[in-house]
Amino acid sequence: MTIQMTTADAGLKGVTAERFLSAVSDREPVSGLTHTFYRYPARFSPAFARTAIELFTDAGDLVFDGFMGGATSLVEARVLGRKSIGTDVSELAAFVGRVKTTSLSDCDLERIAKWGNSLSETLNLHHTASRARKWISEGYQRNINTFETWRIRKSLELALSRINELETMAQQEFARCALLNCGQWALDCRTTIPTSREFRVKLQSIFTEMIAGAREYARVAQQVDTLCIHRSVIGVEKDVTIAAQGAPRLILLSPPYPGVYVLYHRWKVQGRRETPAPFWIANSLDGSGMAYYTLGDRKQQKLRRYFAEIKQAFTSLAKVANDDSWVVQMVGFSNPSWQLPKYLKTLEQAGLTEIKFSDLANSRDGRLWRNVPNRKWFAAYQHTAQSTAREVVLFHKLLR
Ligand SMILES: C[S@@+](CC[C@H](N)C(=O)[O-])C[C@H]1O[C@@H](n2cnc3c(N)ncnc32)[C@H](O)[C@@H]1O
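Residues numbered from 1 in each chain as written. Predicted model: local features only at pLDDT ≥ 70, side-chain atom pairs only at ≥ 80, totals over all residues. Heavy atoms only, no water.

Mind showing me how you'd approach the overall build of the chain here?
Each helix and strand counted, the chain has 14 helices and 11 strands in total. Computed over the C-alpha atoms, the radius of gyration of the chain is 21 Å, within 12% of the 21 Å expected from 2.2 N^0.38 for a compact globule of 400 residues. Expressed as lengths along the three principal axes of its C-alpha atoms, the size of the chain is roughly 65 × 50 × 40 Å. The buried share of the chain, reckoned over its 400 residues, is 57%. Here the contacts in the chain between residues at least 6 apart in sequence split such that 78% fall between residues at least 24 apart. Carbon together with sulfur atoms contributes 49% to the accessible area of the chain, which is approximately 17,200 Å² in total. Separation of charge centres in the chain, based on 53 positive and 39 negative side chains, amounts to 7 Å. (Helix = DSSP H or I, 4+ residues; strand = E, 2+ residues; numbered from the N terminus. Rg over C-alpha atoms; globule rule 2.2 N^0.38 Å. Buried < 20%, exposed > 50% of the residue type's maximum accessible area, 1.4 Å probe, protein only. Contact = heavy atoms within 4.5 Å. Areas by Shrake-Rupley, 256 points an atom, 1.4 Å probe, with all protein chains shown as cover. Lys, Arg positive; Asp, Glu negative; His and termini not counted. Charge placed at Lys NZ, Arg CZ, Asp CG, Glu CD.)

So, in structure tokens, the structure goes:
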């Protein structure tokens with residue numbers, strides 16, 4: 001079942017339809033606040049998250065992102081004075097979310113800046129690094145010890161060996177996040193690996209940029225509860241911490257896309273080699289393989305596990321929602337012709353009804369689609385993949 005209405009019919013007046021439409025097609029590079037702390041794969045545009053929160057909630061309401069990733073929605077919620085909860089199966093996402101949503105004092109940021117400046121001395125490859133033996137034995141430094149990459153690995157190791165000089169956990173996690181950011185810049189999807197000097201210079205500019213972003217965030221972040229929880233969205237209705245917050249007014253999310261290849265938990269080093277090093281840098285543990293992060297294997301016939309898990313996830317979300325809750329999501333498909341109907345059917349089975357807003361539509365199917373700039377989906381079945389990646393914004397409410 002689908003219900004057709006306008007945003008005015010639904011009493012939504014936080015932003016105009018024009019503003020929402022333009023936020024959905026936003027192509028500006030991600031910037032501002034803490035959004036640049038880490039390039040989380042397939043993240044929302046902050047403008048989309050902000051505008052959705054403004055349209056569907058009021059100050060003091062609760063926003064819930066069940067597939068939090070880099071916590072874009074939580075950062076925007078906090079700035080807009082909305083409480084928020086994010087869940088993610090990835091410990092790396094919970095780490096990034098915590099760092100991005102924590103408001104640090106001037107004193108903390110000065111301490112971090114001083115520590116960051118002192119690293120130039122430390123990152124000298126002639127110094128002996130204390131090796132991260134436990135992480136190495138568990139494979140977390142896989143594929144970063146080649147002739148081209150060992151200098152970056154050693155620079156990271158030299159910096160991490162001084163993390164304990166920072167007094168608080170929040171300061172240490174911020175510093176780890178700066179190293180994570182720089183490690184991603186140096187290693188992920190690059191053909192040429194930078195020199196250790198280039199790494200040092202970049203790290204200084206990352207500290208400067210992150211500290212400026214953290215100051216801006218601390219200035220505008222409001223005093224509202226923000227929780228980043230490392231757990232699956234499946235079963236959230238039984239989580240007492242989450243239940244204690246009451247029903248969310250807005251469930252804003254972007255689940256892994258059916259059949260679409262996105263590597264959330266690894267960096268790709270020198271071609272096809274993957275490394276779990278981000279977990280080592282973030283002091284976090286990896287899950288078990290790609291399917292753990294993507295709701296199943298994208299090559300599985302008919303994506304059975306994907307749709308079974310989507311059903312469980314949205315059944316749980318429907319249980320934490322109430323009649324006033326909205327579910328707004330951005331989702332893409334490697335083959336929309338069969339996957340979109342199946343996806344909608346699955347949501348209906350989970351207890352949700354699709355709402356089509358006539359003033360928020362830009363396509364003949366009455367929905368709001370966007371082209372994803374500079375991206376093609378890497379689909380499991382390349383012959384069925386769309387030549388240009390497209391995403392759709394879906395709106396749902398509880399089925400009554
Ligand atoms: C498309 S990303 C979300 C990006 C996010 N909107 C942002 O702005 O950064 C999807 C996320 O879902 C997470 N995920 C996958 N299965 C999950 C599950 N069962 N419960 C919670 N999170 C899950 C993945 O680890 C990944 O971080």
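Would you explain the domain arrangement of the chain in this entry?
One frequent convention defines the size of an interface as the accessible area lost when the parts assemble. Annotation of the chain at the domain level lists domain 1 (2–89 + 225–261 + 303–398) and domain 2 (106–220). Averaged C-alpha coordinates put domain 1 and domain 2 at centres separated by 32 Å. In this assembly, 10 residues from domain 1 lie in contact with 13 residues from domain 2. At the boundary of domain 1 and domain 2, one finds 0 salt bridges. Of the residues that constitute the side of domain 1 that touches domain 2, the class distribution is 5 nonpolar, 3 polar and 2 charged. (Domains from an automatic or database assignment. Salt bridge = Lys/Arg side-chain N within 4 Å of Asp/Glu carboxyl O. Nonpolar A, V, L, I, M, F, W, Y, C, P; charged D, E, K, R; others polar.)

For this particular structure, what's the right way to read helix α7 (residues 150–160)?
Residues spaced three or four apart along an α-helix point in a common direction, a consequence of the helix completing one turn every 3.6 residues. The element α7 is extensively covered by neighbouring structure, given that 9 of its 11 residues are classed as buried. Within α7 the residues assigned to the buried category are Ile-152, Arg-153, Lys-154, Ser-155, Leu-156, Glu-157, Leu-158, Ala-159 and Leu-160. For α7, the secondary structure elements touched by its buried residues are α5 (106–122), α6 (133–137), α8 (169–187), α9 (196–220) and α11 (277–281).

What's the story with the site of the ligand in this structure? I'm lost.
The local shell around the ligand holds 21 residues, among which Tyr-40, Phe-44, Gly-70, Thr-72 and Asp-88 are the closest. The contact in question runs from an oxygen atom of the ligand to an N or O atom on the side chain of Asp-88, over 2.7 Å. Judged by the fraction of its atoms near the pocket grid, the ligand is located in the second largest pocket. Tallied by class, the residues present in the shell around the ligand amount to 11 nonpolar, 7 polar and 3 charged. (Near = heavy atom within 4 Å. Polar contact = N/O pair within 3.5 Å; in protein donor to acceptor, adjacent residues only side chain to side chain. 1 Å grid on protein atoms, 1.4 Å probe; cavity = no way out; pocket = protein on both sides within 12 Å on 5 of 7 lines; lining within 4 Å. Sits in = over half its atoms within 2 Å of the grid points.)

I keep staring at the pattern of salt bridges and nothing clicks. Help me out?
Close approach of charged atoms allows side chains with opposite charge to pair. Using the criterion set out here, one finds 18 salt bridges in the structure. One salt bridge in this structure joins Glu-157 and Arg-153, with 2.7 Å as the shortest N-O distance. One end of the pair, Glu-157, and the other, Arg-153, are both in helix α7, 4 residues apart, so they sit about a helical turn from each other. This pair shows no difference in class: Glu-157 is buried, exactly as Arg-153 is. With a shortest N-O distance of 4.0 Å, Glu-237 and Lys-319 are connected by a salt bridge. Here Glu-237, found in the loop between β4 (226–230) and α10 (240–243), pairs with Lys-319, found in helix α13 (residues 304–320); they are 82 residues apart in sequence, far enough to count as distant. Judged by its relative accessible area of 24%, Glu-237 is partly exposed. We classify Lys-319 as exposed; its relative accessible area is 55%.

Before we go on, may I ask you to explain the side chain of Asp-286 in this structure?
Looking at the element boundaries, Asp-286 is found in the loop between α11 and α12 (290–293). On the accessibility criterion, Asp-286 (18% relative accessible area) is buried. Here the side chain of Asp-286 touches Arg-266 through a polar contact of 2.6 Å, side chain to side chain. A polar contact of 2.6 Å, which involves the side chain of Asp-286, links it to the side chain of Tyr-293. In contact with Asp-286, other than residues within four places in its own chain, are Tyr-140, His-265, Arg-266, Pro-276, Phe-279 and Tyr-293.

So what exactly am I meant to see when it comes to the confidence of the model for the chain here?
Per-residue pLDDT for the chain has a mean of 93; in total, 96% of the residues score no lower than 70. Every residue in residues 380–387 scores below 50 in pLDDT, and together they form 16 contacts with partners more than four places removed in sequence or on other chains. (pLDDT = per-residue confidence, 0-100.)

When you look at the nonpolar core in this model, what are you seeing that I'm missing?
Most often, soluble globular proteins keep nonpolar side chains buried together rather than apart. Core analysis: the largest hydrophobic core is formed by 116 residues, its most contacted members being Phe-20, Phe-56, Phe-174, Leu-252, Trp-280, Phe-314 and Tyr-343. Among the elements that make up this core, the one with the highest residue count is α8 (9 residues). Lining this core are residues from two domains, each supplying at least three of them: domain 1 (2–89 + 225–261 + 303–398) and domain 2 (106–220). Every residue in contact with Phe-174, bar those within four places of it in the chain, is listed here: Phe-37, Val-99, Leu-104, Leu-109, Ile-112, Met-210, Ile-211 and Ala-214. The next biggest cluster of nonpolar side chains, apart from the first, holds 5 residues, and it includes Leu-33, Val-75, Val-79 and Ala-221. (Core = buried A, V, L, I, M, F, W, Y, C linked by side-chain atoms within 4.5 Å.)

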